[in-house]
Amino acid sequence: MKYVRLMDRPLIFFDMDQTPFQNGHLSHLTYKQPTPRSPPVNKEMSETLTRVGPGTRMGNLMRRYWVPALMSSEIPEADGPQVRVQLLGEKLLAFRNTDGRACLIGEFCSHRGVSLYFGRNEENGIRCAYHGVKFDGDGHCVDVPSAPQACARMHIKGYPCVERGGIVWTYMGPADQQPAPPELEWCTLPPEHVFVSKRLQYSNWLQAMEGGIDTAHVSYVHRFEVDTDPMHQGVKALDYIKADGNVKFEIEQTPFGLSLFGRRNGEPDSYYWRITQWLFPWFTLIAPFGEHALGGHVWVPIDDHSCWAWSINWQPGQPLTEEERTAMEEGKGIHVEYEAPGSFIPKQNRDNDYGMDRVAQREDRSYSGIFGFSAQDYSLQESMGTIQDHEAEKLLPTDKAIVMARRMLHEAALGLEQGQTPPALDPVAQHVRPAGVLLPKEQDPVVWAREELADATKKPVFSL
């Protein structure tokens, strides 16, 4: 049993075995008294949400979307070095072929299972270093020197790729179900408007993504960092965030996922609303701060126990300034400093307790004793274990967006098994933008957002 409070409306109690939303609309709910002992997520639901390998429910669902695979800069030149990539439990190999096309194929040769990482990238394909078997960028075997007639039975997997927003995206699902490429705002801007980074996180993708959905934690774990971080400092929004940690939420289910409305006290006649979005299945957008760059994340499973956390900043109407880009390259804001260049492993990591500084914690220079927005988040998310024990958690009213996202993902995964089309495959649904705005107390933020945030490219940025 779980309860949800929508602003000052009555409490709604619903049985967690019921489906509260059908086809985007609130369906019949049974009103009951809450039973505290009922777990918010049962074992079946947790397994469905966290297991992503081939043939799993969530893995099948995720393979119906374009997946961020690696940065374009990781394979900068034609016939250059290939790169190992692991996504959704599959070990793959990325390379740029002679024609300059980004390619993604299975890592292992079909002959004797040798890793093609040790092969030769040449003449529009990868040739295995062991016996010379060659594969093109689609995984087709094009040469078996010792038995040319064997090519037809030697193919390996190959996935189509597109490049947008400085990222190589791949589609890993059924070929006849391939959707149009992503159209998030930052994917469509000139390169000088956008900065992209990624980092390795040692936790399941779900608990990492849920941190992106949860806006209530900003008032706590990040409360001291915001005053000094160059991507957040010096804006009016911080006054409202730090003054009111009792965030009240409105949540709207949308064609793309969820719109989250976090309400804090603003001026005497207004509320400060931080409006963020979760987009199916793994995108989150961050409410902006003043004139600083907008931000967002993508949370992509490597396997069941680790994920890639992609972090993106962008300016819709102008290039990033030199100061902004330098700060991002230095790991400020939502980015990180790496343990070693190109490793994508954060310098602050579980092996060094994330740089924990108890003195800074006592002196209120860092709420958790850890510095850096991302480190403050992933240190806590990794502390849950690589897969959180969902049956042991006791959720609070501020977690209702997380509950809704879990249910929507679970329903979509089960629906796919029944032949239903996954939600939000149309990239037009991604034309949204987060906001931070003061609204009169009597104004409905959901109605306002439908008008001002639905097609972001045609509207100004709303930020304080």
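Below is a short write-up of the structure. None of these values were measured; they are calculated from a predicted model.

Conventions we followed
Residues numbered from 1 in each chain as written. Predicted model: local features only at pLDDT ≥ 70, side-chain atom pairs only at ≥ 80, totals over all residues. Heavy atoms only, no water. Helix = DSSP H or I, 4+ residues; strand = E, 2+ residues; numbered from the N terminus. Buried < 20%, exposed > 50% of the residue type's maximum accessible area, 1.4 Å probe, protein only. Pairing = 2+ DSSP bridges. Axes fitted to C-alpha atoms, helices over the stretch in contact; angles between N-to-C directions. Parallel < 35°, antiparallel > 145°, perpendicular 65-115°, else oblique. Contact = heavy atoms within 4.5 Å. Nonpolar A, V, L, I, M, F, W, Y, C, P; charged D, E, K, R; others polar. Salt bridge = Lys/Arg side-chain N within 4 Å of Asp/Glu carboxyl O. Phe/Tyr/Trp six-rings, centres within 6.5 Å; stacked < 30°, edge-to-face > 60°.

### Section: the environment of E250
Part 1: Relative to the helices and strands, E250 is located in strand β17 (residues 248–253).
Part 2: Overall, E250 belongs to the buried group, its relative accessible area being 8%.

### As for the sheet that holds strand β11 (residues 134–135)
Part 1: With antiparallel pairing, the four strands of this open sheet are ordered in space as β9-β10-β11-β12. Strand pairing shows two members of the sheet lacking a second neighbour, β9 (120–121) and β12 (141–143), which therefore form its edges.
Part 2: Two strands pair when backbone bridges link them, and β9 and strand β10 (residues 126–127) are joined in this way by two bridges, in the antiparallel orientation. Across the sheet, residue N121 finds its bridge partner in β10, namely I126.

### Things to note about the packing of helix α1 (residues 43–50) against helix α8 (residues 400–417)
Part 1: Viewed as axis vectors pointing N to C, α1 and α8 meet at an angle of 80°, and their least axial separation amounts to 10 Å. It follows that α1 is roughly perpendicular to α8 by the angle criterion. Of α8, the residues touching α1 (which contributes E44, M45, T48 and L49) are R406, R407, L409, H410, A413 and L414.
Part 2: Within the contact of α1 with α8, the residues separate by chemical class into five nonpolar, two polar and three charged.

### Digging into the pattern of salt bridges
Part 1: Enumeration over the complete set of coordinates arrives at 26 salt bridges.
Part 2: One salt bridge connects R51 with E47, and the closest N-O pair in it is separated by 3.2 Å.
Part 3: Accessibility expressed as a relative area gives 25% for R51, which makes it partly exposed.
Part 4: Take E47: its relative accessible area is 35%, and that puts it in the partly exposed class.
Part 5: Between E393 and R406 there is a salt bridge; the shortest N-O distance is 2.4 Å. Here the residue E393 occupies a position in the loop between α7 (373–383) and α8, and R406 occupies one in helix α8, the gap between them amounting to 13 residues. Considered together, E393 and R406 belong to a single accessibility category, that of buried residues.

### Brief notes about the packing of aromatic side chains
Part 1: Tallied over the full model, the rule gives 14 aromatic pairs.
Part 2: Between W66 and Y171, the ring centres sit 6.0 Å apart and the planes meet at 50°, which makes this aromatic pair tilted. One end of the pair, W66, is in strand β5 (residues 66–71); the other, Y171, is in strand β15 (residues 167–171), and 105 residues separate them in sequence.
Part 3: Its relative accessible area of 1% is what places Y171 among the buried residues.
Part 4: Judged by centre distance (6.5 Å) and plane angle (85°), the ring pair of Y271 and W273 falls under edge-to-face. Taken as a pair, Y271 and W273 share a single burial class, namely buried.

### Describing the side chain of H297
Part 1: Tracing the backbone shows H297 in strand β21 (residues 294–301).
Part 2: Relative accessible area serves as the criterion here: at 9%, H297 is assigned to the buried category.
Part 3: H297 has contacts with W282, F283, T284, I286, W310, S311, I312 and I334, leaving out every residue within four places of it along the chain.

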